[in-house]
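This is what each chain is made of:
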Amino acid sequence: MVEERDLRWKTIASKPLFSENWLNIRVDTCEKPDGSIVSPYYVYDFPNWVCAFALTDTGEVLLERQYRHALQHTGIELPGGCVDPTDKNMEEAIARELLEETGYVFDSFESLGVTSSNPSTNSNLMYMFLAKGGKRVQEPTPDPGEDIEIKLVSIDEVISLLRNNGFMQSMHITTIYRALEKLGKLNF
């Protein structure tokens, strides 16, 4: 077996450029294994994120319709958001996000894995879940910057949206595929 070489870079210097709320931007100077220097290298530090393919106790999927200003796009997404420093773990974070955004609590959460939106620039990860047994217990209490419409759809409708490019958010698309596979709804 051929031994793989270590491709990791060494950070020689790191300088914060911007820090506010949930975004920090820094510029690093790095040394590659061959000794060459990469500078500047910009890194966006966000908190980790969570999202869920959330099934109600009647088998409907909870989706959200909301406006995303950076793309000037209104679209359909999965519920989720930033992990707060007060969240004890990722499961607690997704349970909190689901309650805040949808007003639902869930009987169970199953990890669907972890993904990254862009590992070349973003330092955070997205933790994906399959939530089951959702029951509405309150009105949603979204964050001040959110204006969310809740949609209850069938799994077949989710598959149709997926086939017809009805989802824009790539990490949510990954979560949907993993959930459909876990539920035995994918045919390769």
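Residues numbered from 1 in each chain as written. Predicted model: local features only at pLDDT ≥ 70, side-chain atom pairs only at ≥ 80, totals over all residues. Heavy atoms only, no water.

J.: Explain the overall build of the protein chain to me, and be specific about the residues and the numbers.
T.: What the protein chain contains, in helices and strands, is three helices and 11 strands. Along its sequence from the N terminus, the protein chain presents helices and strands in the succession β-β-β-β-β-β-β-α-β-β-β-β-α-α. Reported as C-alpha extents along the three principal axes, the dimensions of the protein chain are approximately 60 × 45 × 35 Å. In the protein chain, which comprises 188 residues, the proportion classed as buried is 36%. Across the protein chain, every contact between residues at least 6 apart in sequence was considered, and the portion connecting residues at least 24 apart equals 59%. Accessible surface, the protein chain: about 11,500 Å² in total, of which carbon and sulfur atoms supply 50%. Charge separation in the protein chain, taken as the distance between the mean sites of 18 positive and 29 negative side-chain charges, equals 4 Å. (Helix = DSSP H or I, 4+ residues; strand = E, 2+ residues; numbered from the N terminus. Buried < 20%, exposed > 50% of the residue type's maximum accessible area, 1.4 Å probe, protein only. Contact = heavy atoms within 4.5 Å. Areas by Shrake-Rupley, 256 points an atom, 1.4 Å probe, with all protein chains shown as cover. Lys, Arg positive; Asp, Glu negative; His and termini not counted. Charge placed at Lys NZ, Arg CZ, Asp CG, Glu CD.)

J.: How would you summarise the environment of Ile159 if you had to cite specific residues and measurements?
T.: In this structure, Ile159 sits in helix α2 (residues 155-163). Each residue touching Ile159, except ones within four places of it in the same chain, is listed here: Leu180 and Lys185.

J.: Let's hear about the state of the cysteines: which residues, and what values?
T.: Throughout the structure, instances matching the rule amount to zero disulfides. Cys82 provides the cysteine sulfur closest to Cys51, a residue in no disulfide bond, and the two sulfurs are 12 Å apart. (Disulfide = S-S within 2.5 Å.)

J.: Mind laying out the pattern of salt bridges, listing which residues take part and the relevant values?
T.: The final tally for this structure, using the stated rule, is 13 salt bridges. Arg96 is paired through a salt bridge with Asp84; the nearest N and O atoms lie 3.4 Å apart. Taken together, the residues Arg96 in helix α1 (residues 90-102) and Asp84 in the loop between β7 (80-82) and α1 connect sequence positions 12 residues apart. Given the relative accessible area of 17%, Arg96 is considered buried. A salt bridge links Arg96 to Asp87, with the shortest nitrogen-to-oxygen separation between them at 2.8 Å. (Salt bridge = Lys/Arg side-chain N within 4 Å of Asp/Glu carboxyl O.)

J.: Residue-level account of helix α3 (residues 170-182), with values.
T.: For α3, which comprises 13 residues, the first-to-last C-alpha distance of 18 Å matches the rise-based estimate of 18 Å (1.5 Å per residue) to within 8%. Listing the buried residues of α3 in full gives Met171, His172, Thr175, Ile176, Ala179 and Leu180. Taken together, the buried residues of α3 touch β4 (49-56), β6 (73-77), β9 (108-115), β10 (126-136) and α2. A distance of 2.7 Å separates the backbone nitrogen of Met171 from a side-chain oxygen at the start of α3, and that oxygen is part of Gln169. (Expected span 1.5 Å × (residues − 1). Polar contact = N/O pair within 3.5 Å; in protein donor to acceptor, adjacent residues only side chain to side chain.)

J.: An account of the sheet that holds strand β2 (residues 23-31) is needed here, citing residue identities and associated values.
T.: In space, the three strands of this open sheet follow the order β1-β2-β3, with antiparallel pairing throughout. Two strands close off the open sheet at either side, each with one partner strand: β1 (10-20) and β3 (37-45). Sheet twist, expressed as the average angle between the axes of neighbouring strands with direction ignored, equals 20°. Taken together, the nine bridges between β1 and β2 define a ladder with antiparallel strand orientation. Counterpart to Pro16 in the pairing with β2 is Arg26. (Pairing = 2+ DSSP bridges. Axes fitted to C-alpha atoms, helices over the stretch in contact; angles between N-to-C directions.)

Scope: geometric values only; no functional claims are made or implied.
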